[in-house]
Amino acid sequence: GLVSGNGDGDISSLMNSDFALPQLVGAPQYNPDTNTLSLTFNFTNPLEISIAVDKLEAGIVSHDGGVFLGNVSLAKPLRLEPGQTIDISVLDALSPEAINYFKTNVIGQNSINVDFVNLNVDVAGITVQVDRQNIGNIPIPPELLR
């Protein structure tokens, strides 16, 4: 990934070493009225200073076929104290193609392996960009397959 910003070298090296990618917590929730998936990720601040997470945006694609499943973004900026772990909730608006993909390709499966693409995270004024990152299997809400 690329790290850019006006921070000093210490922050850049910390960004590269200690920041773990957010981990999915629990199962995504699906709202059929709005066609949105709500995903919750667990994120820890490894630094000894409090940090602001101003932006988190990414596309989600299926790992195998690369089918675009939607975009996720942070609802509001967050602040993390040193060593604090918080749950970050993001919403993913599913396209009709994505819903159709779920209904036709994941019959009989209860999870799907997905990647983040074009992940942009703005932490403490530093933008971290990751082209593609596998986030593993996410459970598929049963409502999505009806």
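Residues numbered from 1 in each chain as written. Predicted model: local features only at pLDDT ≥ 70, side-chain atom pairs only at ≥ 80, totals over all residues. Heavy atoms only, no water.

Enquirer: Teacher, can you tell me more about the pattern of salt bridges here?
Expert: Close approach of charged atoms lets side chains of opposite charge pair. Counted according to the given criterion, the structure contains 1 salt bridge. Linking Arg-132 and Asp-115 is a salt bridge whose minimum nitrogen-to-oxygen distance equals 2.6 Å. In this pair, Arg-132 is assigned in strand β9 (residues 126–139) and Asp-115 in strand β8 (residues 111–123), connecting sequence segments 17 residues apart. Using a relative accessible area of 43% as the deciding quantity, one classes Arg-132 as partly exposed. Relative accessible area serves as the criterion here: at 2%, Asp-115 is assigned to the buried category. (Salt bridge = Lys/Arg side-chain N within 4 Å of Asp/Glu carboxyl O. Helix = DSSP H or I, 4+ residues; strand = E, 2+ residues; numbered from the N terminus. Buried < 20%, exposed > 50% of the residue type's maximum accessible area, 1.4 Å probe, protein only.)

Enquirer: Help me understand the environment of Val-128 in this model?
Expert: As for its position among the elements, Val-128 is in strand β9. For the pair Val-128 and Leu-56, spaced 72 residues apart in the sequence, the C-alpha separation amounts to 9.5 Å.

Enquirer: Could you clarify how one ought to interpret empty space enclosed by the protein in this entry?
Expert: In this approach a probe as big as a water molecule rolls over the atoms, and the regions it shows empty are the leftover space. Across all of its chains, the model carries 1 cavity of 30 Å³ or more by this definition. The space that makes up the largest cavity amounts to roughly 30 Å³. The wall of the largest cavity is formed by Leu-37, Leu-39, Ile-60, Leu-69, Asp-92, Leu-94, Phe-102 and Ile-138. Class assignment for the residues of the lining of the largest cavity results in 7 nonpolar, no polar and 1 charged. (1 Å grid on protein atoms, 1.4 Å probe; cavity = no way out; pocket = protein on both sides within 12 Å on 5 of 7 lines; lining within 4 Å. Points joined across faces, edges and corners; volume = space filled by probe spheres on them. Nonpolar A, V, L, I, M, F, W, Y, C, P; charged D, E, K, R; others polar.)

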